[in-house]
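# Overview (structure and organization)
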Amino acid sequence: MRKKSICFVKIGAKENMVSFRQISESFEPAIEKGEFQVYFQPQYNHSTGALIGAEALVRWKSKKFGFISPADFIPALEEMSLIPTLDLYVFEHVCQFLRGCIDSNKALARVSVNMSRNDILSPDYIECLDAIRQKFDIPTRLIHVELTETAAVTGAQVVIDSIKKLHKLGYTVEMDDFGSGYSSLNVLKDIEFDVLKLDLQFINGAIGSDRGGTILSSVIRMAKWLKLPVIAEGVETVEQADFLKSVGCDYVQGYLYSKPLPVEEYEKLLGASTVGMIVPQMNIDQFVDAGRFWNPISMETLIFSNFVGAAAIVEVHTGEKCSMEILRVNQKYVRELGMNLSETEIIALNPCDVLDAESQKVYKAALERAAATREEQECETWRNITSGCCGTERICIRSSIQLIGESKVSKLYYVMIRNITNEKNVFQGMLDTERRFKAASEQANIYFWEYTVATKEMRPCFRCQRDLGLPPLLRNYPEPAIERGIFPPDYADMYRDWHRQIEKGVKSIEGVIPLTPNRIPFHVRYTTEFDENGRPVKAYGSATLVVDK
Ligand code: C2E
Ligand code: CA
Ligand code: CA
């Protein structure tokens, strides 16, 4: 925070310093001499090319000090509480300009004016402002008021009351420099802004940096769901513009399009432009209203809270094709999914691509149930997830799904997940063991083995290994067993044919075969196991001594 007495402002190229006191002393004469000029920086809808308005920005061309940047003299004037005078001066010029456009039947576009913390704290400021508007007879729809996030935080009640007053009079209120502070979410919950201005300069290295890009895109998507239009300002590069387009942010302001222009130049530009408007980009029925959405116990806050589990906000587009986007995840979600995936990688994953056909059906049904009942619904799905570190893994996720919003084209869900792969695998392992045990014990006093269809591998039981001298693994089965003379030659072809039948999907097969060089008759039986697609995976073989009755 600057302190009055020791504060100086740097001016011009020569690095001259002007004290706050000199600025405040020169202020009134400068106003009288018309040294302050209003510039207009155009704003566009870069999807349609339409000009949607302009921001009024003040310039001080001082005869005494030269050009002083507003970033320098505004804080000085704020310290001296001189800002309200300057802002009303700027506003008067804006109204004069708009009146000129109306009278001469020229193109009309809305103008945004800046409002400082000082203005809010100054009694009757809004009344004075509106008196000027009335003097020029300008409809309030042609004026937006910008209030910075930091100004909004100071003395919240005064801010809330001021915005109420402005709304009552019909003004639209924009939150300026959203993202510059840390309290953005809190501010939005208490204060009813109509438009968010997102300053790219505040989101350090936003584009190009994974995290910045993720934050930016999710803020824009969330703002849409809150029906808040977003204007991105400080857009300087084509890359930034392309990124904003890709995340659905249509309204832009910045050097890439135009610097702030003197009134005559802006007037010319306006005459040559198509004029458009800012419109909310989605028509949404929300089951969680905007106020509650930002409430500390609401979903949006919950998603970042440490008290909830792994959570995500997912947008599902209506239609036959599975089209789902993860808008936001919390840190626990990232950890729960594991496999060293980053938040950005997770957000980039289309859940439909990682779910197999069966799981897609299950997931879709749960989403539909959640939409129909408006209650939380659960489902378990298997996903094939690929990551740089771990390759592809099949993981099982239990999801609890709740509908939180709906538009004509999409639905918004709050999804909590639990990675239950380990539980599932342990359970599956138990089932396998039980089944094998059952398959084996169904056939008492026996030899048994396991045959893997795909690899033609045979794993004999301990008794087979001991009594027949077999190794623990036989490849290209049944050839090695035939070679060892366990099967008589006249049975060998029949036994080979059994394996071909197993491969083709026979459920079970059996017969009596004289085994071992001693040709002892055994009842040999195979039971085949199939996967979820009905393909044979394994066959469990057994040989039981035939006892003469
Ligand atoms: P602001 O309200 O955030 O205004 C946007 C600033 O970003 C302007 O600086 C504008 O010239 C600059 N800008 C525009 N496009 C770009 C870009 O592509 N890249 C970068 N880096 N900057 C860009 P300016 O005119 O120097 O004003 C600085 C600040 O001074 C404003 O920030 C605003 O807070 C304040 N200010 C300017 N005019 C007024 C005014 O009439 N009243 C009040 N209360 N404050 C004003
Ligand atoms: Ca501004
Ligand atoms: Ca700004």
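Throughout what follows, the structure given in this document is the object of discussion.

Cut-offs and rules
Residues numbered from 1 in each chain as written. Chains lettered and ligands numbered in written order. Predicted model: local features only at pLDDT ≥ 70, side-chain atom pairs only at ≥ 80, totals over all residues. Heavy atoms only, no water. Helix = DSSP H or I, 4+ residues; strand = E, 2+ residues; numbered from the N terminus. Buried < 20%, exposed > 50% of the residue type's maximum accessible area, 1.4 Å probe, protein only. Areas by Shrake-Rupley, 256 points an atom, 1.4 Å probe, with all protein chains shown as cover. Donors = N, O, S within 2.8 Å, 3.2 Å for Na, K, Ca; no water. Patch = residues over 30% accessible without salt bridge, like charges linked within 9 Å, V, L, I, M, F, W, Y side chains within 5 Å. Salt bridge = Lys/Arg side-chain N within 4 Å of Asp/Glu carboxyl O. Core = buried A, V, L, I, M, F, W, Y, C linked by side-chain atoms within 4.5 Å. Contact = heavy atoms within 4.5 Å. 1 Å grid on protein atoms, 1.4 Å probe; cavity = no way out; pocket = protein on both sides within 12 Å on 5 of 7 lines; lining within 4 Å. Points joined across faces, edges and corners; volume = space filled by probe spheres on them. Nonpolar A, V, L, I, M, F, W, Y, C, P; charged D, E, K, R; others polar. Pairing = 2+ DSSP bridges. Axes fitted to C-alpha atoms, helices over the stretch in contact; angles between N-to-C directions. Near = heavy atom within 4 Å. Polar contact = N/O pair within 3.5 Å; in protein donor to acceptor, adjacent residues only side chain to side chain. Phe/Tyr/Trp six-rings, centres within 6.5 Å; stacked < 30°, edge-to-face > 60°. Lys NZ or Arg CZ within 6 Å of the ring centre and 35° of its normal. Parallel < 35°, antiparallel > 145°, perpendicular 65-115°, else oblique. Left-handed = near helix turned anticlockwise from the far one by under 90°.

## Notes on the overall build of the protein
Across its full length, the protein carries 21 helices and 23 strands. Evaluated residue by residue, the protein yields a buried proportion of 48% over its 549 residues. Taken as a whole, the protein presents about 27500 Å² of accessible surface, with 52% of it coming from carbon and sulfur.

## A look at the coordination of the calcium ion (ligand 2)
Protein ligation of the calcium ion (ligand 2) involves Glu55 (OE), Asn114 (OD1), Glu146 (OE) and Asp176 (OD), the donor distances falling in the range 2.1 to 2.3 Å. The distance between the calcium ion (ligand 2) and the calcium ion (ligand 3) comes to 3.9 Å, with Asp176 serving as a donor to both metals. A residue pair is termed long-range when its members are at least 10 positions apart, and Glu55 in strand β4 (residues 51-62) and Asp176 in strand β8 (residues 172-178) qualify at 121 residues. With respect to class, Glu55 is no different from Asp176; both count as buried.

## Quick notes on a nonpolar patch on the surface
On the surface, a nonpolar cluster with roughly 250 Å² of combined accessible area is contributed by Ile520, Leu545 and Val547. Along the chain, Val547 turns up in the segment after β23 (536-545). Residue class for Val547 comes out exposed when judged on its relative accessible area of 61%.

## Comments concerning the nonpolar core
Formed by 78 residues in total, the largest nonpolar core has its most connected members in Phe36, Phe73, Leu86, Val94, Leu244 and Tyr266. Here this core gets eleven residues from one element, more than from any other, and that element is helix α3 (residues 83-103). Excluding residues that lie within four positions of it along the chain, Phe36 makes contacts with Phe27, Ala30, Ile31, Val58, Arg59, Trp60, Phe73, Leu86 and Tyr89. Counting 31 residues, the second-largest nonpolar core is a separate cluster that includes Ala310, Tyr333, Val334 and Cys379.

## A closer look at the environment of Gly534
The residue Gly534 is located in the loop between β22 (520-530) and β23 in this model. Sequence separation of Gly534 and Gly505 is 29 residues, and the distance between their C-alpha atoms is 8.2 Å.

## Overview of the layout of surface pockets
Space inside the largest pocket adds up to approximately 1200 Å³. As for the largest pocket, its lining consists of 43 residues, and the residues nearest its centre are Glu55, Leu57, Asn114, Asp176 and Asp177. Each residue belonging to the lining of the largest pocket can be placed in one class, and the counts come to 19 nonpolar, twelve polar and twelve charged.

## Notes on the environment of Gln22
When you line up the elements, Gln22 lands in helix α1 (residues 20-32). Residues Gln22 and Phe65, spaced 43 residues apart in sequence, show a C-alpha to C-alpha distance of 9.9 Å.

## Observations concerning the sheet that holds β23
An order of β20-β19-β23-β22-β21 is seen for the five strands of this open sheet, with the pairing classed as antiparallel. With one partner strand each, in any of the chains shown, β20 (457-460) and β21 (508-515) form the two edges of the open sheet. Adjacent strand axes in the sheet meet at a mean angle of 20°, parallel and antiparallel pairs treated alike. Packed on one face of the sheet, helix α21 (residues 489-504) meets β19 (446-452), β21, β22 and β23 and runs near 160° to β21.

## A word on the site of ligand 1
By nearness alone, 21 residues border ligand 1, and Gln41, Arg59, Asp87, Glu236 and Tyr255 come closest of all. Asp177 has a polar side-chain atom sitting 3.3 Å from an oxygen atom of ligand 1. Coverage of ligand 1 by the protein amounts to 83% of the 790 Å² it exposes when considered alone. Mapped onto the shell around ligand 1, the elements with two or more residues apiece are β4, α2 (70-79), α3 and β8. In terms of residue count, β4 provides more of the shell around ligand 1 than any other element does, four residues in total. Here the shell around ligand 1 is built from residues that sort into eight nonpolar, six polar and seven charged.

## Description of the pattern of salt bridges
Summed over all chains, the structure comprises 21 salt bridges. Across the salt bridge formed by Asp493 and Arg496, the nearest N and O atoms sit 2.8 Å from each other. Placement of the pair is Asp493 and Arg496 together in helix α21, with a separation of three residues, close to one helical turn. One continuous salt-bridge network, built from bridges that share partners, spans Glu55, Glu146, Lys197 and Glu233.

## With respect to the coordination of the calcium ion (ligand 3)
Distances from the calcium ion (ligand 3) to its protein donors, namely Asp176 (OD), Asp177 (OD), Glu233 (OE) and Glu233 (OE), fall within the range 2.1 to 3.1 Å. Taken in chain order, the donor set of the calcium ion (ligand 3) reads D-D-x55-E. Residue Asp177 is classed as buried on the basis of its relative accessible area, which comes to 17%.

## Quick word on the packing of aromatic side chains
One pass over the structure, following the stated rule, counts 17 aromatic pairs. Here Tyr44 and Tyr257 contribute two aromatic rings whose centre-to-centre distance is 6.0 Å and whose plane-to-plane angle is 40°, an arrangement assigned as tilted. Residue Tyr44 is located in strand β3 (residues 36-45), and its partner Tyr257 is located in the loop between β11 (251-253) and β12 (261-262); the two are separated by 213 residues in the primary sequence. Sitting above the plane of the Tyr39 ring, Arg59 keeps its charged end 5.5 Å from the centroid. In this arrangement the basic side chain of Lys259 is found over the ring face of Tyr255, its NZ or CZ atom lying 4.5 Å from the centre.

## Side note on the packing of α3 against helix α5 (residues 125-136)
Taken N-terminus to C-terminus, the directions of α3 and α5 make an angle of 20°; their axes are 9 Å apart at the nearest point. Between α3 and α5, the angle is such that the two are roughly parallel. The chirality of how α3 crosses α5 is right-handed. When α3 is examined against α5, the residues Pro84, Asp87, Leu88, Phe91, Glu92, Cys95, Gln96 and Arg99 are found in contact with a partner set consisting of Tyr125, Cys128, Leu129, Ile132, Arg133, Lys135 and Phe136. A per-class count over the contact of α3 with α5 returns nine nonpolar, one polar and five charged.

## Focus: the pairing of β3
In regular strands, side chains alternate between the two faces of the sheet. Across the ten residues that make up β3, a large majority, nine, are buried. In terms of strand pairing, β3 meets β4 through nine bridges, oriented antiparallel. By the bridge assignment for β4, Tyr39 is matched with Leu57. Taking the residues that link successive antiparallel strands as the turn, the β3-β4 hairpin has five residues, and the phi of Gly49 there is positive, at about 85°.

## Points about empty space enclosed by the protein
One pass over the structure, following the stated rule, counts three cavities of 30 Å³ or more. In this structure, the second largest cavity occupies an estimated 50 Å³ of space. Forming the boundary of the second largest cavity are Ile326, Tyr333, Leu337, Ile346, Leu349, Pro351, Val354, Arg383 and Ile385. The set of elements that each furnish at least two residues to the lining of the second largest cavity consists of α14 (331-337), α16 (351-354) and β16 (377-387).

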